Structure formats: structure tokens, C-alpha cells
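Residue-level structure breakdown
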Amino acid sequence: MSGATDTYLTIDNVSKIFGPRLTMGERIVRGAMRKPPPPSLTAVSRVSLTLAKGQTLGLVGESGCGKSTLGRVIAGIYAPSSGAVTVDGQKVMEDGRKITTAVQTVFQDPFASLDPRMKVGDAVAEGPIAHGIVSRAESRAHVEKWFSRVGLDPTLAGRYPHQFSGGQRQRIAIARALAMNPKLLICDEPVASLDVSIQAQVINLFLELRRELNLTCVFISHDLSVVRHVSDRVAVMYLGRIVELGETRQVFTRPTHPYTAALLDSVPRIAAEGEVLMEVKPISGEIPSPLNPPPGCHFTPRCPRATAECSARIPPLRSIAPGQSAACHHAEAQMAEPERAEV
Amino acid sequence: MTAVLEVRDLRTEFFTAAGTVRAVNDVSFSLDEGEIIGLVGESGSGKSVTGFSLLGLIDAPGRITGGSVRLNGSELVGMSRGELRRRRGREIAMIFQDPIATLNPLLTIGQQMGLALSAHERLSPKATEDRCTEALERVGIPSARARLKSYPHEFSGGMRQRVAIAIALLHRPKVIVADEPTTALDVSIQAQIVTEMKMLAREFGVAMIWISHDLAVVSGIASRILVMYAGRIVETGTAAEVLRNPIHPYTRGLLDSMPHATRPGEMLRQIPGSMPSMLSLPPGCAFAPRCPRADAACTAVPELVQQGGRSWRCVHPLTQPDHEGATA
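On a predicted model such as this, the values are computed, not experimentally measured, just so you know. (Residues numbered from 1 in each chain as written. Chains lettered and ligands numbered in written order. Predicted model: local features only at pLDDT ≥ 70, side-chain atom pairs only at ≥ 80, totals over all residues. Heavy atoms only, no water.)

1. Looking at the nonpolar core
In a soluble, globular protein the nonpolar side chains are often hidden away together inside. Where we set the bar: Side-chain atoms within 4.5 Å are what join buried Ala, Val, Leu, Ile, Met, Phe, Trp, Tyr and Cys residues into a set we call a nonpolar core. Classification of residues uses two cut-offs on accessible area relative to the type maximum, computed with a 1.4 Å probe and protein chains only: under 20% is buried, over 50% is exposed, and between them is partly exposed. Domains are outlined according to an automatic or database domain assignment.
By size, the foremost hydrophobic cluster in this structure holds 95 residues, and its most contacted members are Leu5(B), Phe29(B), Leu54(B) and Ile209(B). Looking at this core, you find at least three residues from each of domain 1 (1-91 + 175-262) and domain 2 (105-172) of chain B. Leu114(A), Leu152(A), Val202(A) and Phe219(A) belong to the second-largest nonpolar core, a separate cluster that totals 59 residues.

See below:
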């Protein structure tokens, strides 16, 4: 997409662990009683990646894989348990506080993300005013500009969210995020709750704005065909870890991790030439509980290529081909499989 | 093939304070033994209300105001509530989208399956347990007998949907209406459920109406597709034919707006506008305001045309099958 190779977004060894927050007293009591530490959940485990300016990274995986948590760490909504995120050389968080407005998020559900009792124009103006991007006097023009940019009639700014359809609400959510002049936009399942015909409209709006504003984006979705369409690079996550990372076309046509291959096989598809592909090949079993993940490579119990080594040693994310890396002991064997049709 | 379900000119209306909504408008189709048909449409198209109407599950202010639903030859429309209850679950069953909302959180899986069984059959506790275990095993739930004592929250989303399927299959109904049964699930689990449902349908000869907004999923399970828009069926045909040679511009629009129809990174071919409010439908063809082929002729409701195993409601069809059913 973009010719620039300099890194714009850097995610450096980021982990996010959720566990009960204990008070000092509780900790002392537990220590004195020699109780084991309470269980904790590793939602994101040692993720490192970079993204160049103007590029879009697709984050894919099944529910519970940690893609939304990673998105929220990048957005500065969650503080990482370790590691750091920088955008354009600036840290997103310091001492557990978000210190930049450079990252903004569009959430999945525009019914939940907009305050039902706030006029949509005020919702768009609130952030820019609070952060001194525009004065209260200028805010009206600012809102009108962004309403027009996302294809909404600016005269509707005085209405409330319930007066809009799902697709329009998502446009408002996009306007609200962009009105902050972000350097990085996180889209967390922005089209998942929309109908097919409306989904296409919102994706087109996204493509258009991205080109006009040269936006750098992280696009989180469980829908592989949408991610294929909008991303330059894609990261596949499984139980908190990135298992494959690379150029989108390569990952989708020549996956090097068995999980990516299995995920692609699960997608029902209608082939381009009107040929109907009826059969999907489901992955066996279900994603295990992240509270108690299997040892070694977490995908081992469901993996057709698993060997003893897989549960003994965690495979590191390593380069398999130019522009493509995978965390699998058998990545070379997986890559030797014939190229597949696109999703 | 004999039809187990015959729907003729079905009409369901909701009488609201804001006006009358005709959610299902002259819907007709038939379902053969063991056949799986896909009912496709966007939100508000009336596909779910069609499904509910088949089981007589329409509550006030809604009412079935016309047409007929014949299940194994007997008319369901106008049947007494008691008589309907005797058939629901035994002859025709339903699977809903959200298995969390379907299952009672306060009862164990075994208790609710037992209730479903006792609605139509008198069995000893031992026989009930055996039947339930067998039903859970059939849908691929491991250590089924032990899981009967589990509560719904102890199951994953995919497993809960399997339980709902097991309950629907308990009485070996002739027809199952599945309303978006995999929409809430991950793709990998969706693929498992689709594969299993196909197998179960074949094994038991149960006919199925698979309601979904997702053409790709439907193409993976249904042999025939019905496309709905604003309460009407606008196109029908075999899955392969509808997907390869859509006749109605709306179907074409749906297929074109899917990401894989366009090269990555390029603008998708979107359908302009959105579904009209059911309270103020445009006169004639409801799709006309969004349709690239619309003209003055579209202000009259298009007649249903049937030809070569396909049917459509459009005065400007994209293609027309000859009498053998092949499309140009």
C-alpha cells in the first residue's frame, strides 16, 4: 500500500494479564496462610510488532484470542502489564495513564458506544473541545466538517442516537474518532453488527477516509474476508499469542501456521466465478480456556501437525519467508502445501 | 419428493400505534422431506417473523392475517393453541440464534431436556436420562451423561447451541426452523455446527429452514435459497443457480457487496441507501429506490414469475432461465 518502510506504530513486548487486584492486607494474609497466588488470565502474551505510516494491520482470531484486548492496549484504554506501545515516537501510556490523543477507537456496537442522552453533534464535539483541538465557538464548524466527511447530513447533528440506523451510527462513531485528528485509528469489529449491504457502505467509507487522510489503522475483525480486503498486513492471534504475522496476501494464500490454515478452511465462501464452494473443513475441538492454556504451543491439542515437541517447547515467532513469520515448529511443512484460493 | 411443509400466501401483520406493519407479505414456498432451504435477508426483511409464523409463535400486536401453512397435510393457521402445542416440538421445532437466551439458566441441561421430552412423551426417569444422553452424544457433546447435570453457563457458546439442537431433535420432528443458529458463533465453531447439522438432517430425514443474513453460510448448507426483502420473497432457486445467476437486482447487489467480489483494497460495490421503514414502504417494488434498474414500471407490485424451477418478483430481471431451468 504505502511505500514508506519507517515504523510508525511500535508494539514492544506487550503483555496484558488480568487477575484479581489484591489489597496489601489481602496479600499479607495470603502470604501468611501460604495460599497459592490467585489465578490470572494472560489475555495478551509478549506481542511485538511494528507498522509503517499509512498501513493497515488486520488483527484476526476467534473470540477470546486477545485481539480486542491488544487493540485496547494499543489505544491506551488498558495499561499493559509489561511492554510499551509508541506511536510516531511518542508513548501512548505512562504510569498507567493515557498521555496522548493520537490514538482513537471505533467500537463494534454503535448502539452501546454512543450516549443515548447526548446529541450526536455534542458527542462528536466533546473530545476536541476537552482537549483544546477546537474552541467551543469553532466546534460547530468542526462537527459539520466531519459529518460531511463521513457522509452524514450536518443538519442532523442536533438529533439523538436512537434516531439513526446502525450504519449511520457507525458513521457518527467514525466521525467522533476522526474529529480528534488521530495518528492511529483502532477499529474494533466496526462492521460486525451491520447488515451486508450496509457493511459494504461503511467499508467503502473507511477505505476512502484512509486514503484521503493517509491514516494508519489497526483493524480488528473475526471476519477474514473483510480483513483480507482492508489490510496490508495481518496478525493472527490464538490464546493471547501472535501465531502468524505477515503480508495479507501471503498469509491468506500461503499460511505458514496450521491454525491460520485451519481458520481459512472454516470460512464458508462463494468463489469469484460464481462457482459455489459448499464444503467447509472445520477445525476439531474448541479454543481451550485461557485460564488454563495447554503447555507449549497453545494450538497443540487441535493441531493436525502436532508432535511431542509442540507441547514441550513454545515455538518462537520466527521469519519463515520474506515478510512473513510464524510461531510454529512445523511452519516449513505447512508452507509447502499448495497455494490456496483467496477468501 | 413429497412436501412436508406447504406455505401459501402467508401474511403476518403487526398492529402498532404507529401503523400496521406487514412483516410477512404473501410468502409462499414448499419444503420437501429432508430438504434444507436457506431463507436469506437483511435485518427487517421479515425472515425471522416468517420462521416464527410457521410455528404460530406470533404474539400481540402481531397476528397471522392470511394464507396457509400446511404441515404434513394439516393446516396450522387458525389451529387452536392446545393443538399447536401438541405439534410444536414434536412435528416442527425451532432453533434460535442466541443459545444463552434459549436455555433456562436455573435448570440443568438434563432437567430442561427432560421437560422437553415430557411435553410429548411419558417416560421413566431412567429412560429419560438415556434418551437425553443419546441426544447429546448425537450432537457431539463429550461425556454426555455427566454433562446432563451441568448448567448452561458451564457450556461454551458452541456447546450451548449443540444442546439447543439436541433438544430440537429429541422428538425427531419432520421440520426444523433454524433462525441464525450460527451467527453468534466463531467461524471455526460455525463450520462444525454447519457440518453436523447437514449430517443430522441427512441421517434423520429432517427438513430444515435455515434463516440467515449470510449468503455464504447458506450456500454451504442449503440446496435451495429464498431471498427476502421488506416482507416479500423476491427470488428463489437452487443455491447454485441463485448464486451464479441471480435474477433479482437485490440478490445481485448482496453478492456484489461481499468483500470477495472485489479485488482487495478496492471500493466495494455497495447497494446505495438502506432498507425502507416497514411503516412507510414505497409503492410497488420495495427495492426500487435502491435499484439501479428501477423505472416507472416499478411503481406497481411486480407479479411473481415462475419459470424453470426459479421464481422472482421483478419487472427488470437480470437474466431469465429457459424452460429447462438453464440461465442465459
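2. What to know about the interface of chain B and chain A
Rule in force here: What makes two residues a contact is simply this: any of their non-hydrogen atoms within 4.5 Å. What counts as buried area is the accessible surface, traced by a 1.4 Å probe, that two parts surrender upon association, with contributions from both included. Salt bridge, as used here: a side-chain nitrogen of Lys or Arg that lies within 4 Å of a carboxyl oxygen of Asp or Glu. We define a polar contact as two N or O atoms separated by no more than 3.5 Å, with the added condition that, inside protein, one atom must be a possible hydrogen donor and the other a possible acceptor, whereas residues neighbouring each other in sequence contribute only through side-chain atom pairs.
Listed per partner, the contact involves 44 residues of chain B and 33 residues of chain A. Interface of chain B and chain A: buried area, both sides summed, is about 3400 Å²; carbon and sulfur atoms make up 58% of it. Here chain B and chain A share one salt bridge between them. For the salt bridge of Arg162(B) with Glu286(A), the shortest nitrogen-to-oxygen distance reads 3.7 Å. There are 15 residue pairs in polar contact (both at pLDDT 80 or more) connecting chain B and chain A.

3. Focus: helix α6 (residues 196-213) of chain A
Residue and element names in this part refer to chain A. Using the following cut-off: Helix and strand definitions follow DSSP, with helices as H or I runs of at least four residues and strands as E runs of at least two, each counted in order from the N terminus. To estimate how far a helix should reach, multiply one less than its number of residues by 1.5 Å.
Here α6 contains 18 residues, and its C-alpha end-to-end distance of 26 Å stays within 8% of the 26 Å for a straight helix at 1.5 Å per residue. Burial within α6 is extensive, with 14 of its 18 residues counted as buried. Where α6 ends, the next residue or the one after it, Asn214, has phi of about 45°, a positive value.

4. What to know about the sheet that holds strand β1 (residues 7-18) of chain A
Residues and elements named next belong to chain A. Quick note on the threshold: Only strands that DSSP links by at least two bridges are regarded as paired with each other.
An order of β2-β1-β4-β5 is seen for the four strands of this open sheet, with the pairing classed as antiparallel. Of all the strands in the sheet, the pair left with one neighbour each is β2 (41-52) and β5 (90-91). Judged from the two bridges that link them, strand β4 (residues 82-87) and β5 form a sheet pairing that is antiparallel. What sits directly across from Thr86, in β5, is Lys91.

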